[in-house]
Amino acid sequence: MDKQPLNEKNFDKARKSYQPKPPYVMNCIKAFIVGGLICVFGELLTQMYIHWFDYSEKNAINPTVATLILLSALATGFGVYDKLGQFAGAGSAVPVTGFANSITSAALEHKSEGLVLGVATNLFKLAGSVIVFGVVAAYVLGIIRYVWSLIF
Amino acid sequence: MTFLWAFIVGGSICVIGQILLDVFKLTPAHVMSSFVVAGAVLDAFDLYDNLIEFAGAGATVPITSFGHSLLHGAMEQADEHGFIGVAVGIFELTSAGIASAILFGFIVAVIFKPKG
């Protein structure tokens, strides 16, 4: 490193040279395997609900997602999911289980502040952005598609 | 065979997320938000349904399917009720996921003690 004094301009550059480079390929393989396995487990649940509980192929998504969310919330409570998250990165964050994990962990983290101001207020602290962006995008696209279908 | 495609497609979506995290240095919240928007955009062009038919849970379990379900419910109601239907139906298909996430998240947070 050159002996330039640090200022606001070169700080970001200098900071980057000290950060460890993430093992890109290894992280992607881990994410692929864990994310894939979660989806295979989801497929297993879907097939189970179709065969044993008489759900139609479309409706079987609902109990599957609910089951995955329940398991993920429990795993977060036991502290297992966070360990999985450290190993798998996006592999555990991208499936719907990661959504449930962000809700449960945010609520657990603020438990000491009480039930109302801690748990209930912070429930959507991390997952709120997902819902906000999802609703805004779906609303705008829905209006566009509806207008499109009226014109043509 | 569906299981293999579920593994491959679901895993690939997670790899895209991992690349966004590592290479583009996005936070997990940014990645999840982008994926939801991506799912809604894919559904707007009727592409996501093909992916679900092809990969099953490989397409329904990742968070992209949340955006797809939001738009899908909105469009179903829009056909019946017009403009207000978009607002009426937006949570129609995702309510199971959101309600169970709130319920189970709350119960677990009340029962368990924070770790670490």
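Residues numbered from 1 in each chain as written. Chains lettered and ligands numbered in written order. Predicted model: local features only at pLDDT ≥ 70, side-chain atom pairs only at ≥ 80, totals over all residues.

Caption draft 1: Structural detail: the overall build of chain B. When helices and strands are tallied, chain B shows seven helices and zero strands. Judged by the C-alpha coordinates and their principal axes, chain B covers about 50 × 35 × 30 Å. Within chain B, the fraction of its 116 residues that count as buried is 53%. (Helix = DSSP H or I, 4+ residues; strand = E, 2+ residues; numbered from the N terminus. Buried ≥ 20, exposed ≤ 12 C-beta atoms within 10 Å, placed from the backbone.)

Caption draft 2: Representation of the UniProt feature "transmembrane region" (unreviewed entry) in chain A within the structure. Residue and element names in this part refer to chain A. In this numbering, the UniProt entry assigns the feature "transmembrane region" (unreviewed entry) to residues 24–48, 60–81 and 126–148. Annotated as residues 60–81, this span is 86% helix and 0% strand, and its ends, taken at the C-alpha atoms, are 25 Å apart. Annotated as residues 126–148, this span is 91% helix and 0% strand, and its ends, taken at the C-alpha atoms, are 34 Å apart. (UniProt positions renumbered as here; feature names shortened; annotations may be inferred.)

Caption draft 3: Expanded view of the packing of helix H8 (residues 128–151) of chain A against helix H2 (residues 28–44) of chain B. With their axes 9 Å apart at the nearest point, H8(A) and H2(B) run at an angle of 20° to one another. Regarding the angle of H8(A) to H2(B), the classification is roughly parallel. Of the two elements, H8(A) crosses H2(B), and the hand of that crossing is right-handed. Where H8(A) abuts H2(B), its residues Ser129(A), Val130(A), Phe133(A), Gly134(A), Ala137(A), Ala138(A), Leu141(A) and Arg145(A) lie against Ala29(B), Met32(B), Ser33(B), Val36(B), Val37(B), Ala40(B), Val41(B) and Ala44(B). Grouping the constituent residues of the contact of H8(A) with H2(B) by class yields twelve nonpolar, three polar and one charged. (Axes fitted to C-alpha atoms, helices over the stretch in contact; angles between N-to-C directions. Parallel < 35°, antiparallel > 145°, perpendicular 65-115°, else oblique. Left-handed = near helix turned anticlockwise from the far one by under 90°. Contact = placed C-beta atoms within 7 Å. Nonpolar A, V, L, I, M, F, W, Y, C, P; charged D, E, K, R; others polar.)

Caption draft 4: View of the environment of Cys39(A). One can find Cys39(A) in helix H2 (residues 24–53). Distance from Cys39(A) to Val96(A), taken between C-alpha atoms, is 9.6 Å for residues 57 residues apart in sequence.

Caption draft 5: Spotlight on the environment of Glu109(A). Turning to its location among the elements, Glu109(A) is positioned in helix H6 (residues 96–109). Taking the C-beta count within 10 Å as the criterion, Glu109(A) has 17 such neighbours and is therefore assigned partly exposed.

Caption draft 6: Structural context of the confidence of the model for chain B. Scored by pLDDT, chain B comes out at a mean of 87, with 98% of its residues at no less than 70. Prediction confidence for the complex, expressed as pTM and ipTM, is 0.85 and 0.88 respectively. (pLDDT = per-residue confidence, 0-100.)

Caption draft 7: Examining the nonpolar core more closely. Ile69(A), Ile103(A), Ala138(A), Val36(B), Ala40(B) and Ile63(B) are the most contacted members of the largest nonpolar core, which totals 77 residues. Considering every element that reaches this core, the biggest residue donor is H2(A), with ten residues. The contact partners of Ala40(B), leaving out residues within four places of it in the chain, are Gly134(A), Ala137(A), Ala138(A), Leu141(A), Gly67(B), His68(B), Leu70(B) and Leu71(B). (Core = buried A, V, L, I, M, F, W, Y, C linked by C-beta atoms within 7 Å.)

Caption draft 8: Layout of the environment of Tyr48(B). Residues and elements named next belong to chain B. Positionally, Tyr48 belongs in helix H3 (residues 48–55). Counting along the chain gives 58 residues from Tyr48 to Phe106, while the straight-line C-alpha distance between them is 31 Å. Discounting chain neighbours no more than four positions away, the residues touching Tyr48 are Gly39, Leu42, Asp43, Ala59 and His68.

Caption draft 9: Summary view of H8(A). In a regular helix each residue adds 1.5 Å, so 24 residues correspond to 34 Å; H8(A) covers 34 Å between its end C-alpha atoms and thus fits that length. Residues Val130(A), Phe133(A), Gly134(A), Val135(A), Ala137(A), Ala138(A), Leu141(A) and Gly142(A) constitute the buried set of H8(A). In this fold, the buried residues of H8(A) make contact with H6 of chain A together with H2, helix H5 (64–81) and helix H6 (83–89) of chain B. (Expected span 1.5 Å × (residues − 1).)

Caption draft 10: Region of interest: the interface of chain A and chain B. The partner chain B presents 61 residues to the 60 residues of chain A that form the contact. Contributions of two or more residues to the side of chain A that touches chain B are made by H2, helix H3 (61–77), helix H5 (90–93), H6 and H8 of chain A. When residues in the side of chain A that touches chain B are grouped by element, the largest group, 14 residues, is from H2(A). Its residues placed into classes, the side of chain A that touches chain B shows 39 nonpolar, 17 polar and four charged.

Caption draft 11: Geometry of unusual backbone geometry. Located in the positive-phi region is Asp54(A), a residue other than glycine, with phi close to 60°. Its location among the elements puts Asp54(A) in the loop between H2 and H3. Asp54(A) sits in the exposed class, given 9 other C-beta atoms within 10 Å. One non-glycine residue, Lys25(B), adopts positive backbone phi at about 55°. Positionally, Lys25(B) belongs in the loop between helix H1 (2–22) and H2.

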